[in-house]
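Listed below are the residues making up each chain.
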Amino acid sequence: MAAGGDGVAQQAELRRIEGNACFKKARLGAAIDCYTEAIALCPNVAVYSMNRALCHFRRKEWAKVEADSRRALALDATLVKGHYLLGCALLDKEDFGLAIKEFEKALNLLKSENSTDKMAEDVWQVLAKAKYLDWEKHSTERVWRIQSLKEACESALQEHHFLSGTLVEDSDGSSNEYSEQIKLLSEVFSKATLADTPVDVPDYLCCQITFEIFRDPVITPSGVTYERAVLLEHLDKVGNLRPGDARTS
């Protein structure tokens, strides 16, 4: 049985190696076929599902990316790329809160490994994007909820005056109780919308140098994030930002 098992594992590895060669040549369909065969032979090897997820990622087939990255993470929760790819799939679904959690898991794993891999920058960029989109979504939802409540109140007020026979305007064209109440209601909700709408973007979404929203964020070894172009320009002029950032290469 052991020999037979080794034979199956060897076949799966050969399929993986073949799949990797196809992936490097951008033959994604062939690579997916190879990884699928490897998974069929050895379904408990996380890297096979991870590699197939990468192929789907290149093709932007997000549902398949999510399925394969979840399969890989179920086998090995320490896969940085697994959390990154799952986060990207969730980001495409506009499930920003869960996407943020996956990107943060990937960053924490990179930190625990003391990795200087460029992937940390890639993860942070999509994390910053996810945080901004999450903030924007919730801001929009708050405005929508207030508007929906305003419309419900107006409808209820109109129904009340219709049933009581006070919906029509006065004969002299002057405002009656209904029109005055509608005007007052509009003023109340306008103030509520203004008060509930965030004017400033949260600090964690802004560069500490420009104070503008991140477009291309990078994280330094000390854990501080800046806009890439501004950071490079500043380093060129000053040398470093703070003692802990002197290691930035």
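Every chain is numbered on its own, with residues counted from 1 as its sequence reads. Predicted model: local features are reported for residues with pLDDT of at least 70 only, side-chain atom pairs are reported and counted for 80 or more only, and whole-chain, interface and lining totals are derived from all residues. Side-chain numbers here rest on the full set of heavy atoms in the structure, without hydrogens or water.

Caption draft 1: Inspection of the overall build of the protein chain at higher detail. A count of helical and extended segments in the protein chain gives nine helices and two strands. Here a strand is any run of E in DSSP of at least two residues, a helix any run of H or I of at least four, and the numbering for each starts at the N terminus. When the helices and strands of the protein chain are placed in sequence order, the string is α-α-α-α-α-α-α-α-β-β-α. Expressed as a percentage of the 249 residues in the protein chain, the buried residues total 34%. Long-range pairs, those at least 24 residues apart, make up 47% of the contacts in the protein chain with a sequence separation of at least 6. Where accessible areas are quoted, they stem from the Shrake-Rupley method and a 1.4 Å probe; at the residue level, only the protein chains shown are allowed to cover. Roughly 15,200 Å² of accessible area belongs to the protein chain as shown, and the carbon and sulfur atoms make up 54% of that amount. Accessibility here uses a 1.4 Å probe with only protein chains present; expressed as a share of the type maximum, an area under 20% marks a residue as buried, one over 50% as exposed, and anything in between as partly exposed. Note on definitions: a residue-residue contact is assigned when non-hydrogen atoms from the two residues lie within 4.5 Å.

Caption draft 2: Representation of unusual backbone geometry in the model. With phi around 65°, Ala26 is a residue other than glycine that occupies positive phi space. Using a relative accessible area of 55% as the deciding quantity, one classes Ala26 as exposed. Located in the positive-phi region is Lys60, a residue other than glycine, with phi close to 60°. The residue Lys60 is located in the loop between helix H3 (46-59) and helix H4 (62-75) in this model. Classification of Lys60 by relative accessible area gives exposed; the value is 58%.

Caption draft 3: The arrangement of helix H6 (residues 96-112) in detail. To estimate the expected span of a helix, count its residues, drop one, and scale the result by 1.5 Å. Across its 17 residues, H6 extends 24 Å between first and last C-alpha, which sits within 8% of the 24 Å expected from 1.5 Å per residue. Residues Phe96, Ala99, Ile100, Glu102, Phe103, Ala106, Leu107, Leu109 and Leu110 constitute the buried set of H6.

Caption draft 4: Here's a closer look at the nonpolar core. Nonpolar core, defined: a set of buried Ala, Val, Leu, Ile, Met, Phe, Trp, Tyr and Cys residues in which side-chain atoms within 4.5 Å join the residues together. Membership of the largest hydrophobic core comes to 32 residues, with the highest contact counts inside it found for Tyr84, Phe103 and Val123. Counting residues per element, the ones that place at least two in this core are H3, H4, helix H5 (80-92), H6 and helix H7 (119-164).

Caption draft 5: Representation of the confidence of the model for the protein chain within the structure. The quantity known as pLDDT measures the predictor's confidence residue by residue, on a range of 0 to 100. Taken as a whole, the protein chain shows an average pLDDT of 80; of its residues, 73% reach a score of 70 or greater. Low confidence marks residues 243-249, where pLDDT is under 50. Its contacts with residues over four positions away, or in another chain, come to 11 contacts.

Caption draft 6: Structural view of the environment of Glu94. Mapping Glu94 onto the fold places it in the loop between H5 and H6. For the pair Glu94 and Leu133, spaced 39 residues apart in sequence, the C-alpha separation works out to 8.4 Å.

Caption draft 7: Expanded view of the packing of aromatic side chains. For this analysis, a ring pair means two rings from Phe, Tyr or Trp (six-membered ring only for Trp) whose centres lie within 6.5 Å, classed as stacked if their planes differ by under 30 degrees, edge-to-face if by over 60, and tilted for the remaining angles. Evaluation of the coordinates by the stated rule reveals four aromatic pairs. Centroid distance Tyr132 to Trp135: 5.7 Å. Interplanar angle 40°. Geometry classified as tilted. Here the residue Tyr132 and the residue Trp135 both occupy positions in helix H7, the gap between them amounting to three residues, near one helical turn. By relative accessible area, Tyr132 is classed as partly exposed at 23%. Pairwise contacts between aromatic rings join Phe57, Trp62, Tyr84 and Phe103 into one cluster.

Caption draft 8: Structural context of the UniProt feature "repeat: TPR" (unreviewed entry) in the protein chain. Mapped onto the present numbering, the UniProt feature "repeat: TPR" (unreviewed entry) falls at residues 80-113. Split by type, residues 80-113 is 88% helix and 0% strand. Its first and last C-alpha atoms lie 10 Å apart. UniProt positions are given in the numbering used here, feature names are shortened, and annotations may be inferred rather than shown by experiment.

Caption draft 9: Fine view of the side chain of Asp134. Residue position: Asp134 is located in helix H7. Overall, the relative accessible area of 19% leaves Asp134 in the buried class. Not counting chain neighbours up to four residues away, the residues in contact with Asp134 comprise Phe96, Gly97 and Ile100.

Caption draft 10: Here's a closer look at the state of the cysteines. When the sulfur atoms of two cysteines come within 2.5 Å, that pair is taken as a disulfide. Following the criterion strictly, the structure yields zero disulfides and no others. Not part of a disulfide, Cys22 finds its nearest cysteine sulfur in Cys34, a span of 4.7 Å.

Caption draft 11: Focus on the side chain of His161. Structurally, His161 is set in helix H7. Judged by relative accessible area, His161 falls into the buried class, the value being 1%. Looking at His161, its side chain comes within polar contact range of the side chain of Gln181, at 2.7 Å. In contact with His161, not counting residues within four places along its chain, are Thr166, Leu167, Glu177, Tyr178 and Gln181. Identification of polar contacts relies on pairs of N or O atoms within 3.5 Å, with a donor-acceptor requirement for protein atoms, meaning one able to donate a hydrogen and the other able to accept it, and with residues adjacent in sequence counted only if both atoms are side-chain atoms.

Caption draft 12: Quick look at the environment of Phe162. Here Phe162 lies in helix H7. Distance from Phe162 to Tyr178, taken between C-alpha atoms, is 9.6 Å for residues 16 residues apart in sequence.

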